[in-house]
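Next come the chains, spelled out residue by residue.
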Amino acid sequence: WIRCEQANLTISGVALSSLRADNDAGSQPVPARWAGRPYVYAGPGARLDLTGSTVSDLGEPPSDRAGLRPPANRSGSPPASARVVLAGVIWGRGSTGSAANVRFERNQVGLALVRSVGVRLSNVTVENSVLDGLLLRGDHGTALTGVISRNNGGSGMIITGVGPRHLADLIAAANAAAGGSAITQTGLVLTGVRTDADAGGGVRLVGCVRCTVTGL
């Protein structure tokens, strides 16, 4: 894994993935079900910027190790509150940064922003994640521009944790759950969210107060 705190990390113009150590050719990624699959994490005081890259086949699977196995929800997959430990790339508490012209492919959860500050996602595609595409949990000042989340095994985007938030410009398509799910939010504003062929519906609001959705 790659982990940074009180540091700046820039990943630019590369294909970043996991590789099986037991594969002679050295070209096969670590299977999604294998424990110990690597991830990228930015912690307190860190700045993580990704540009012009592909990030694939990262993120821990649900595991009994260290008590990480969360209780399953009705679909049999972990709830949003637990999925941060599964993401391929995580902007954690007190971190900031950006992703521009980046593809996130086949990660457990594509990427997660967890109590991050001012992260900007621009021209980002998240696809074929085992679980959800994009997880926002207690983040502040996040900006989305041209974000596409499609063909993921859960929701295209999950919003949870303390708000309020104003989010715009997301396309969600062909996800196994909802295109976007907002859980226990107050004052959430979603603008310009477009959904298509998501199995769980377009936008799902659960326990939301004074939430506004426009431009569907």
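These numbers were taken from a predicted model, which means no experiment stands behind them.

Colleague: Go over the packing of aromatic side chains, please, and point to the residues and values.
Modeller: Enumeration according to the criterion identifies one aromatic pair in this entry. Here the aromatic rings of Trp1 and Tyr39 are separated by 6.2 Å at their centres, their planes lie at 15°, and the arrangement is stacked. Highlighted residues: Trp1 in the segment before β1 (2–4) and Tyr39 in the loop between β3 (15–17) and β4 (40–42), separated in sequence by 38 residues.

Colleague: Could you give an account of the side chain of Ser181, with specific residues and numbers?
Modeller: Locating Ser181 in the fold gives a position in strand β15 (residues 180–183). For Ser181, a relative accessible area of 7% corresponds to the buried category. With near-sequence residues (within four places) excluded, Ser181 lies in contact with Ser155, Met157, Ile158, Ile159 and Arg204.

Colleague: So what about the pairing of β15? Which residues, and what values?
Modeller: Here is the key point about a regular strand: its side chains alternate between the two faces of the sheet. Inspection of the sheet shows strand β13 (residues 157–160) paired to β15 by three bridges, in the parallel sense. Counted as the bridge partner of Ile158 is Ser181 from β15. With four bridges joining them, β15 and strand β17 (residues 203–206) adopt parallel strand pairing. Its bridge partner lying in β17, Ala182 is registered against Leu205.

Here is what the cut-offs are and how they apply
- Residues numbered from 1 in each chain as written.
- Predicted model: local features only at pLDDT ≥ 70, side-chain atom pairs only at ≥ 80, totals over all residues.
- Heavy atoms only, no water.
- Phe/Tyr/Trp six-rings, centres within 6.5 Å; stacked < 30°, edge-to-face > 60°.
- Helix = DSSP H or I, 4+ residues; strand = E, 2+ residues; numbered from the N terminus.
- Buried < 20%, exposed > 50% of the residue type's maximum accessible area, 1.4 Å probe, protein only.
- Contact = heavy atoms within 4.5 Å.
- Pairing = 2+ DSSP bridges.

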